[in-house]
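What follows is each chain in one-letter form.
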Amino acid sequence: QFPFGRRLPCDIYWHGVSFHDNNIFSGQVNKFPGMMETVRKITLSRAMRTMQDLFPLEYNFYPRSWILPEELSIFVDEVRVMKDSNPSWKPTFIVKPDGGCQGDGIYLIKDPNDIRLTGSTQSRPAVVQEYICKPLLMDKLKFDIRLYVLLKSLDPLEIYIAKDGLSRFCTEPYQEPTLKNLHQVFMHLTNYSLNIHSGNFIHSDSVNTGSKRTFSSILCRLSSKGADVKKLWSDIISLVIKTIIALTPELKVYYQSDIPAGKPGPTCFQILGFDILLMKNLKPVLLEVNANPSMRIEHEQELSPGVFENVPSPVDEEVKVAVIRDTLRLVDPQKKKRKDTHKKHHGIIHEHPALWEVSPWQGVDEMSSEVPPKPIPSVILCCRCQSLKQAPESREELPDAPKSPEAALPSLCLKQVFPKYSKQFSHLRLVDRVAALFIRFLGVKGTTKLGPTGFRTFIRNCKLSNSNFSMAAVDILYIDITRRWNSMGLDKESGMCLQAFVEAFFCLARKKYKSLPLHEQVSSLIEICENRLAALHGKRLLCGCG
């Protein structure tokens, strides 16, 4: 551990909290810049709403959400309209503070007027969502899933999902929300950090019982009852890929700000914790994404009043050790050197892309319900020691090929899902292309906001102004949208953020293609911009040659 950094470069830097724990200029870092900000509840909800506007059926796995305090009046009005149109609708809503964790500050309401506005909403914004009243129950208890996802690369996008996760159980039998039981957190909230304080919490040495179990044990029980586990697993993989597609535009803006293109810098990877709830009909619902999922493999046990000791947790150990071990195997910087040496030595001219041969939907994911530890100092791993070797590149080794030291290790628990299934999801990456346009016109390296000159240059170069949309109208559009977005955020840097640019881009697309669905409007405008910028670039190259 190097709490204050280290001068000599290393291959892998393992930071405890964020990319900025230390100043890193080479190697690989286990955090992406901006990830903590991108997965906050409000930012995530805005990103998912953008995708729901474009692809409502593809993104129906995220609950309807409103952002407080700025959308409070919209929330009240929409709920009133929905109740008027359907008097039998008796909704429950869950309020989650934007920066909260471990269940802190979460509460349930039946009426929008019950939102607690006593002084804290302005200083502590929140998200209010429709509460899932009919979750899947196991042993009469509500539970959720912690699924571990490795974002190995942002560009090109590369995603792995752990084949097992953790299931975190409530500690009181579930009943649908009523005014009498709304405040019973042990019945409605699955957070480990809350339920650990319940007298009914069960620590078990078995991964199949207790208040925290492997997700694979849940799937086995479901399968024994005739549930279509392969479809469930397929739906979960789809949810994960779509969620990361929604997050990548914002992440790319942060990435280019901290690691400008063309300059030496580190590459990044990150383990994320996806919290997923299963509905009664086995439809997975995304609850939230954690940038720093706890990797503890023990829990505290009270020996006597005020005296605690750390006790191993078999469930956590089974799932988390495999995730970290195989993450390091996948990012091992010596892997490519060994592969190249092996090819050169044996004249191998083909690749074996499959790291493990399991049916695409056979994996099982377990969710981890544990109290995140206190922030730990950054750890720097020097992989030159070769303690982590590469997984075998194929099942058949040439007769004279040296045996891999990794042969004794278990098969990889991390399954690649992207780009493996990229063809099924490539049409969803429209906002990614809008973000590429945004980044192109940022101008000053290191910034995350577009100035008025950059926005005008974008309009001019893409030839989007005309007699019906003058440059004066362009300036008004920029000012109106930028002012509103800047009034909502805590970031005091002036200029147009990516979310504001996306809104402006959608506005332009609606003006230009009035009769098309939104995703076709946006796609058509993107193609025009990309083609005109490509033509302009080619023209400049010709002028340069001349």
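Residues numbered from 1 in each chain as written. Predicted model: local features only at pLDDT ≥ 70, side-chain atom pairs only at ≥ 80, totals over all residues. Heavy atoms only, no water.

Colleague: Explain the pattern of salt bridges residue by residue, including any values.
Modeller: Oppositely charged side chains may form a pair once their charged atoms are brought near each other. Taken as a whole and judged by the stated rule, the model has 24 salt bridges. Residue Lys242 pairs with Glu58 through a salt bridge whose shortest N-O separation is 2.8 Å. A residue pair is termed long-range when its members are at least 10 positions apart, and Lys242 in helix H7 (residues 229–258) and Glu58 in the loop between helix H2 (41–54) and strand S3 (65–68) qualify at 184 residues. The residue Glu130 makes a salt bridge to Arg64 at a minimum N-O spacing of 2.9 Å. (Salt bridge = Lys/Arg side-chain N within 4 Å of Asp/Glu carboxyl O. Helix = DSSP H or I, 4+ residues; strand = E, 2+ residues; numbered from the N terminus.)

Colleague: Just give me the short version of the pairing of strand S10 (residues 166–169), but keep the residues and values in it.
Modeller: Along any regular strand the residues' side chains alternate between the sheet's two faces. Neither face of S10 is open: one carries Leu166 and Arg168, the other Ser167 and Phe169, and all of them are buried. Of the strand pairs in this sheet, strand S8 (residues 141–153) and S10 are connected by four bridges, and their pairing is antiparallel. Note that in S10 the partner of Ile145 across the bridge is Ser167. Both S10 and strand S11 (residues 212–214) contribute to a ladder of three bridges, which runs antiparallel. Each residue of the ladder has a partner; that of Leu166, found in S11, is Thr214. (Buried < 20%, exposed > 50% of the residue type's maximum accessible area, 1.4 Å probe, protein only. Pairing = 2+ DSSP bridges.)

Colleague: How would you summarise unusual backbone geometry if you had to cite specific residues and measurements?
Modeller: Cis geometry is adopted by the peptide bond preceding Pro69, which originates at Leu68 and carries an omega value of 10°. Structurally, Pro69 is set in the loop between S3 and helix H3 (72–85). The phi dihedral of Asp139 falls on the positive side, at around 55°, and the residue is not glycine. Assignment of secondary structure puts Asp139 in the loop between strand S7 (137–138) and S8.

Colleague: Before we move on, could you go through the packing of H7 against helix H11 (residues 430–440) and cite the residues and values that matter?
Modeller: Running from amino to carboxyl end, H7 crosses H11 at an angle of 25°, the nearest separation of the two axes being 8 Å. Comparing the axis directions of H7 and H11 gives the class roughly parallel. Handedness of the H7/H11 crossing: right-handed. Residues Thr248, Pro249, Lys252, Val253 and Gln256 of H7 form the contact with H11, whose own contacting residues are Val431, Asp432, Ala435, Phe438 and Ile439. Looking at the contact of H7 with H11 residue by residue, the class counts come to six nonpolar, two polar and two charged. (Axes fitted to C-alpha atoms, helices over the stretch in contact; angles between N-to-C directions. Parallel < 35°, antiparallel > 145°, perpendicular 65-115°, else oblique. Left-handed = near helix turned anticlockwise from the far one by under 90°. Contact = heavy atoms within 4.5 Å. Nonpolar A, V, L, I, M, F, W, Y, C, P; charged D, E, K, R; others polar.)

Colleague: Describe the packing of aromatic side chains, and please don't skip the residues or the numbers.
Modeller: All told, the structure shown has 17 aromatic pairs when counted by the stated rule. Through successive ring pairs, a cluster of aromatic residues spans Phe438, Phe441, Phe455, Phe458, Tyr478, Phe501 and Phe505. One Lys or Arg, Lys212, reaches over the ring of Tyr192 and ends 4.2 Å from the middle of that ring. Stacked on the ring of Phe169, the Lys or Arg Arg213 has its end atom at 4.0 Å from the ring centre. (Phe/Tyr/Trp six-rings, centres within 6.5 Å; stacked < 30°, edge-to-face > 60°. Lys NZ or Arg CZ within 6 Å of the ring centre and 35° of its normal.)

Colleague: An account of the sheet that holds strand S6 (residues 126–130) is needed here, citing residue identities and associated values.
Modeller: Reading across from one edge, S3-S6-S4-S5 is the order of the four strands in this open sheet, with antiparallel pairing throughout. Of all strands in the sheet, those bounded by a partner on one side alone are S3 and strand S5 (107–109). Sheet twist, expressed as the mean angle between neighbouring strand axes with direction ignored, is 25°. The strands touched by H3 are S3, strand S4 (93–97) and S6; relative to S3, the strand with the most contacts, the crossing angle is about 145°.

Colleague: Describe in detail the confidence of the model for the chain, supporting the description with residues and values.
Modeller: On average, the chain scores 84 in pLDDT, and the residues at 70 or more come to 84%. The least confident element of the chain, judged by mean pLDDT, is strand S17 (residues 379–381) at 50; the most confident is strand S9 (residues 158–162) at 98. Of the regions scoring below 50 in pLDDT, residues 347–377 engages in 111 contacts with residues more than four places distant in sequence or in other chains. Residue range residues 380–399 is modelled with pLDDT below 50. Its contacts to residues more than four positions away, or to other chains, number 52 contacts. (pLDDT = per-residue confidence, 0-100.)

Colleague: Provide a residue-level description of helix H13 (residues 471–488), including the pertinent values.
Modeller: Here H13 contains 18 residues, and its C-alpha end-to-end distance of 26 Å stays within 8% of the 26 Å for a straight helix at 1.5 Å per residue. The complete set of buried residues in H13 reads Val474, Leu477, Tyr478, Ile481, Thr482 and Trp485. Buried residues of H13 fall within an arc of 110° about the axis and therefore sit on the same side. Facing away from the buried surface of H13 by more than 90 degrees, the exposed residues are Ile476, Arg483 and Ser487. (Expected span 1.5 Å × (residues − 1). Arc of directions from axis to C-beta.)

Colleague: Account for the state of the cysteines, naming residues and giving values.
Modeller: One pass over the structure, following the stated rule, counts zero disulfides. Cys529 provides the cysteine sulfur closest to Cys462, a residue in no disulfide bond, and the two sulfurs are 3.7 Å apart. We classify Cys462 as buried; its relative accessible area is 0%. (Disulfide = S-S within 2.5 Å.)

Colleague: Outline the pairing of strand S15 (residues 298–304), supporting the account with residue identities and numerical values.
Modeller: Pairing analysis gives six bridges linking S15 to strand S16 (residues 307–312), with the strands arranged antiparallel. Note on S16: the bridge partner recorded for Gln301 is Glu309. Connecting the antiparallel pair S15 and S16 is a turn made up of two residues, with Gly306 showing a positive phi of about 85°.

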